[in-house]
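Observations on the model geometry
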Amino acid sequence: MSNLFEYSDVLNSPIEAFYCKEPECHLPVQAHWHYFVEILYVYQGEITVTCNEHSYMLSPGSLILLPPQAIHRVYSTKEQTDINYACVKFNINKIQLVGNYLPSLNVQLRKIAQLQNPPLVFDEKALEHLSLSDYFTQIVEEAANRAYGYNSYIYTMLSELMVKILRSWYYTGHLMQTDDIEAQSDYSLQDILVYIDEHSHENINIENLAHMCNMSYSYFAKLFHKQFGQSCKQYIEFIRLSKAENLLLFTGLDLTEIAGETGFSDCSHLIRCFRKKYNITPKQFRLKHQKSRLS
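I will try to describe carefully the structure that is included in this document. Since the model is a prediction, treat every value here as computed from it, not as a measurement.

1. Re the sheet that holds strand β5 (residues 54–58)
- Within the open sheet, the 4 strands sit side by side as β2-β7-β4-β5. Their pairing is antiparallel. Two strands bound the open sheet, and with one partner strand each, they are β2 (29–32) and β5. Strand after strand, the sheet turns through a mean of 15° between neighbouring axes, direction not considered.
- Where β2 lies against strand β7 (residues 72–75), 2 bridges are found, and the strand directions are antiparallel. Within the sheet, the bridge partner assigned to V29 lies in β7 and is V74.

Quick look at the structure:
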């Protein structure tokens, strides 16, 4: 089973920005995650984006902000030949906002991602009438032309966008006060996320994960929950279920094979966990999405 983590040099380079158009850019984009922020803005057509366990339908003129470490996929539920959206990937830590009252963007995005219904989709009205079509066209062109100072110019534009998004969250009661987390511990936990992704098909011992971070089990468990809003055990199951979704959607493997590929002890264990999480069996999930693609 392939890993969900998307290895990329975007954190070592200034920016990635490009158009995704049919037929050059094919949907679906399978489930994956990464440390950088991704924004999708739709020019034409309709796309569905899942972020963790939430699903969002995007129409022309809307954008979605995908937080760091959120598992997401992009697809269309019907035949379309006019799909065109912009994709922008960037390092949120490169945006430094002035003002002690403003939260850390990195921590704020993770807190937003943990909400029951994360407000991740925006349009021009929500962003104080920012001309989004022209805005993202300019970003993509700057990234393509790479004129002198293009990276600073793009991050200046992204700073404006992030302030408007923070304002939107503030006015709707979603802006949160957050506690500082030691950078060293955060880095260790990020390494653990990659390890879990790469070894999710194996038996993972959480005490061993804590030892890898040079932490006690209790401190590791407390810090993990504080950082990611769920226990490490819950996160491991979430990764396994996300990989099971990919196999159900994009392969013809039977449930026994999928259970073996994703780290569940057997087929019954997979069905039980899947139904508990999604209120639907894996078989029903596969049939439902096959029908939606055919309709």
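2. A word on the environment of M215
- Here M215 is to be found in the loop between α5 (206–212) and α6 (217–228).
- Each C-alpha atom, one on M215 and one on S133, is 47 Å from the other, the two residues being 82 residues apart in sequence.

3. Remarks on the pattern of salt bridges
- A full pass over the atoms with the stated rule returns 5 salt bridges.
- For K277, the salt bridge identified is with E53, shortest N-O distance 4.0 Å. Here K277, found in helix α9 (residues 267–278), pairs with E53, found in the loop between β4 (47–51) and β5; they are 224 residues apart in sequence, far enough to count as distant.
- Put simply, R73 and E245 hold a salt bridge, and the shortest N to O gap is 2.9 Å. Of the two residues, R73 sits in strand β7 while E245 sits in helix α7 (residues 232–250), which places them 172 residues apart along the sequence.
- Through salt bridges that share partners, E128, K164 and R167 make up one connected network.

4. Here we look at the sheet that holds strand β6 (residues 63–66)
- The strand order across the open sheet formed by 5 strands is β1-β8-β3-β6-β9, and the pairing between neighbours is antiparallel. With one partner strand each, in any of the chains shown, β1 (16–21) and β9 (121–122) form the two edges of the open sheet.
- Relative to strand β8 (residues 84–90), strand β3 (residues 37–44) runs antiparallel, the two sharing 7 bridges. When the bridges of β8 are listed, E38 appears paired with K89.

What counts and how
- Residues numbered from 1 in each chain as written.
- Predicted model: local features only at pLDDT ≥ 70, side-chain atom pairs only at ≥ 80, totals over all residues.
- Heavy atoms only, no water.
- Pairing = 2+ DSSP bridges.
- Helix = DSSP H or I, 4+ residues; strand = E, 2+ residues; numbered from the N terminus.
- Axes fitted to C-alpha atoms, helices over the stretch in contact; angles between N-to-C directions.
- Salt bridge = Lys/Arg side-chain N within 4 Å of Asp/Glu carboxyl O.

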